Structure formats: C-alpha cells, structure tokens
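Residues per chain are reported as follows:
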Amino acid sequence: DVKVTQSSRYLVKRTGEKVFLECVQDMDHENMFWYRQDPGLGLRLIYFSYDVKMKEKGDIPEGYSVSREKKERFSLILESASTNQTSMYLCASSFGQYYGYTFGSGTRLTVV
Amino acid sequence: GENVEQHPSTLSVQEGDSAVIKCTYSDSASNYFPWYKQELGKRPQLIIDIRSNVGEKKDQRIAVTLNKTAKHFSLHITETQPEDSAVYFCAASKGTYKYIFGTGTRLKVLA
C-alpha cells in the first residue's frame, strides 16, 4: 500500500517556536505539497516542490518555508509559530497532473 | 485570482436518495478535475476524476459531469448509503502541478 507519512498526528507548540513538520512518501513521486485545512476555507496550498531542492510558493506562503533535500522527504518549517497558524496541515504527493494526490493523515498543530 | 466555488456547504439526504454537489471554476486553462472524500478524522482520498476532453465519467454509484463552456462540474452519488457520509472536496488543476480546491461539502446520509 502506497503511503504518505507525516511524522506527528498532534503537535502543541508555543508562540515564537520554530516548528518542523515532516512528510515522507514511498511512491517515488516527483511532486510534493503542503496544504493547510481550516473549516470553511477548504485546502489552501502553502508550498510545493516538483523536484529535489526545487520549491515554489503556493497561495499562503507567509510565515512558512520548506525544504526538500531528498526526493522522498518534504519538510514544512514555521519560522516563528503564531496562534493564527493553528490548523490541520496536510502533506500530499503526486506522480503528475492527471494522477491526483495521495494525502498524508495530517498533523493537527496547536500554537499556544 | 483563480478560485473554485463549491455548493452546497452541507447536504442531508435520506438513505437511498441521490446527492449532487456542484463546483464552478474560473481558470479556463484548468483541464483536470478530481474529487476527494474525507471521512471524519481521516485523510482526503481520491474517489473519481475527469479530464477536460471527457463530458462524463462513472464508477459504480458515483459519477462526475463536466461542462467546459459553463465551467461547471458536478459529483453525483446515487443510492446513497450511511458510509457515504463525509466531506467532499472538488478541485481544478492550476498550471502543471497544482490544484485549487473548493471549500468542501459535508454530506450526511440519514438512515
């Protein structure tokens, strides 16, 4: 069974902390994505990567950065966590545009 | 900017009835439209998709229709069952790699 694995299911961090969310896929997918999911807002793209060391901003990149040093791993970094970054974070990967995404189980981050 | 509007936000149907969820997209270059189902506490999962060169696609009880002229696409679920209860998201492709998602429809199938 193909998998996208997110390292933490639940995370509680303090305001101002640097936070790392990790995502690993075992499908040899080129493309990886980070979304946040908020009630009433759907899924909004933060960053994506279409190749190792390549990254592009999504629709809401402010306050976030990413790292993709290896094909299978895509990390989301909150440089200085704030309460408005409390959300569900979903990682996804895809083989290409017409193949849909495979999502991870999500990380529910609470910033206090 | 480009967006995808999804309606309704909530939908309740009796078991055995049909459910229809509608989406409208704004980017005329969008050419791929996937639908995802997210059960409570679980990850979104792809349930059906359609490319812009096809008007309709069916998979057992679910079907998707696409009207490129009107920039509308819809998800149809027939003979609904309690296990169809979930949040459904439509999406439209944006560029080579990305999708824009709708805001979701919470479907409740009443037994």
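You'll find the structure just up there.
Let me sum up the structure you'll find in this document.

Scoring rules and cut-offs
- Residues numbered from 1 in each chain as written.
- Chains lettered and ligands numbered in written order.
- Predicted model: local features only at pLDDT ≥ 70, side-chain atom pairs only at ≥ 80, totals over all residues.
- Heavy atoms only, no water.
- Pairing = 2+ DSSP bridges.
- Helix = DSSP H or I, 4+ residues; strand = E, 2+ residues; numbered from the N terminus.
- Axes fitted to C-alpha atoms, helices over the stretch in contact; angles between N-to-C directions.
- Contact = heavy atoms within 4.5 Å.
- Salt bridge = Lys/Arg side-chain N within 4 Å of Asp/Glu carboxyl O.
- Polar contact = N/O pair within 3.5 Å; in protein donor to acceptor, adjacent residues only side chain to side chain.
- Phe/Tyr/Trp six-rings, centres within 6.5 Å; stacked < 30°, edge-to-face > 60°.
- Buried < 20%, exposed > 50% of the residue type's maximum accessible area, 1.4 Å probe, protein only.
- Disulfide = S-S within 2.5 Å.

Turning our attention to the sheet that holds strand E8 (residues 73–78) of chain A. Within a beta sheet, neighbouring strands are joined by backbone hydrogen bonds and run either parallel or antiparallel to one another. Residue and element names in this part refer to chain A. If you trace the four strands from one edge of the open sheet to the other, you get E1-E3-E8-E7, paired in antiparallel fashion. Every interior strand has two partners, whereas the edge strands, strand E1 (4–6) and strand E7 (64–70), have only one. Between one strand and the next, the sheet's axes are offset by a mean angle of 20 degrees, whatever the strand orientation.

Right, let's talk about the sheet that holds strand E7 (residues 62–67) of chain B for a bit. Residue and element names in this part refer to chain B. What the five strands build is an open sheet, ordered E1-E3-E8-E7-E6; its pairing is antiparallel. In the strand order of this sheet, the two ends are held by strand E1 (4–7) and strand E6 (56–59), each with one partner. Averaged over all neighbouring strand pairs, the angle between strand axes comes to 15 degrees, with direction disregarded. Judged from the four bridges that link them, E1 and strand E3 (residues 19–25) form a sheet pairing that is antiparallel. Paired with Val4 across the two strands is Tyr25, which belongs to E3.

With that settled, consider the interface of chain A and chain B. Listed by partner, the interface residues are 24 residues for chain A and 21 residues for chain B. The shortest N-O distance in the salt bridge between A:Asp59 and B:Lys94 comes to 3.7 Å. Where chain A meets chain B, there are ten residue pairs in polar contact (both at pLDDT 80 or more). Of all the secondary-structure elements, those providing two or more residues to the side of chain A that touches chain B are strand E4 (31–38) and strand E5 (42–51) of chain A. Per-element tally for the side of chain A that touches chain B: the top contributor is E5(A), with five residues.

Moving on, we get to the packing of aromatic side chains. Within a pair of aromatic rings, the relevant descriptors are the distance that separates the centres and the angle that separates the planes. Within the structure shown, the criterion is met by 23 aromatic pairs over all chains. Ring centres of A:Phe95 and A:Tyr99 lie 5.2 Å apart, and the angle between their planes is 85 degrees; this geometry places the pair in the edge-to-face category. Accessibility assignment for this pair places A:Phe95 and A:Tyr99 in one class, exposed. Members of the aromatic cluster, joined through ring pairs, are A:Phe33, A:Tyr35, A:Phe48, A:Tyr50, A:Tyr98, A:Tyr101, A:Phe103, B:Tyr32, B:Tyr36, B:Tyr97, B:Tyr99 and B:Phe101.

So, about the pairing of strand E11 (residues 105–110) of chain B. Residue and element names in this part refer to chain B. In E11, alternate side chains face the same way, and those of Thr105, Leu107 and Val109 are buried while those of Arg106, Lys108 and Leu110 on the opposite face are not. As paired strands, strand E2 (residues 10–14) and E11 are joined by five bridges and run parallel to one another. From the neighbouring strand, Gln14 faces E11, where its bridge partner is Leu110. Here strand E9 (residues 86–94) runs beside E11; their pairing, made up of three bridges, is antiparallel. The partner of Val87 across the bridge, within E11, is Arg106.

Another aspect to go through is the state of the cysteines. Residue and element names in this part refer to chain B. Applying the stated criterion to the full structure yields two disulfides over all chains. Here Cys23 engages in a disulfide with Cys90; their sulfurs sit 2.0 Å apart. Across the disulfide from Cys23 to Cys90, rotation about the S-S bond amounts to roughly -100 degrees, and the bridge is consequently left-handed. Residue Cys23 is located in strand E3, and its partner Cys90 is located in strand E9; the two are separated by 67 residues in the primary sequence. Cys90 matches Cys23 in its accessibility class, with the two residues each being buried.

A few words on unusual backbone geometry. Residue and element names in this part refer to chain B. Residue His7 is joined to Pro8 through a cis peptide bond whose omega torsion reads -5 degrees. In this fold, Pro8 is placed in the loop between E1 and E2. In this model, Lys71 sits at a positive phi of 60 degrees, which is unusual for a non-glycine residue. In this fold, Lys71 is placed in the loop between E7 and strand E8 (72–77). With relative accessibility at 25%, the residue Lys71 sits in the partly exposed group.

Residue and element names in this part refer to chain A. Along the polypeptide, His29 turns up in the loop between strand E3 (19–25) and E4. His29 gets classed as buried once you look at its relative accessible area, which sits at 9%. His29 has contacts with Arg68, Lys71, Ser93, Ser94, Phe95 and Thr102, leaving out every residue within four places of it along the chain.

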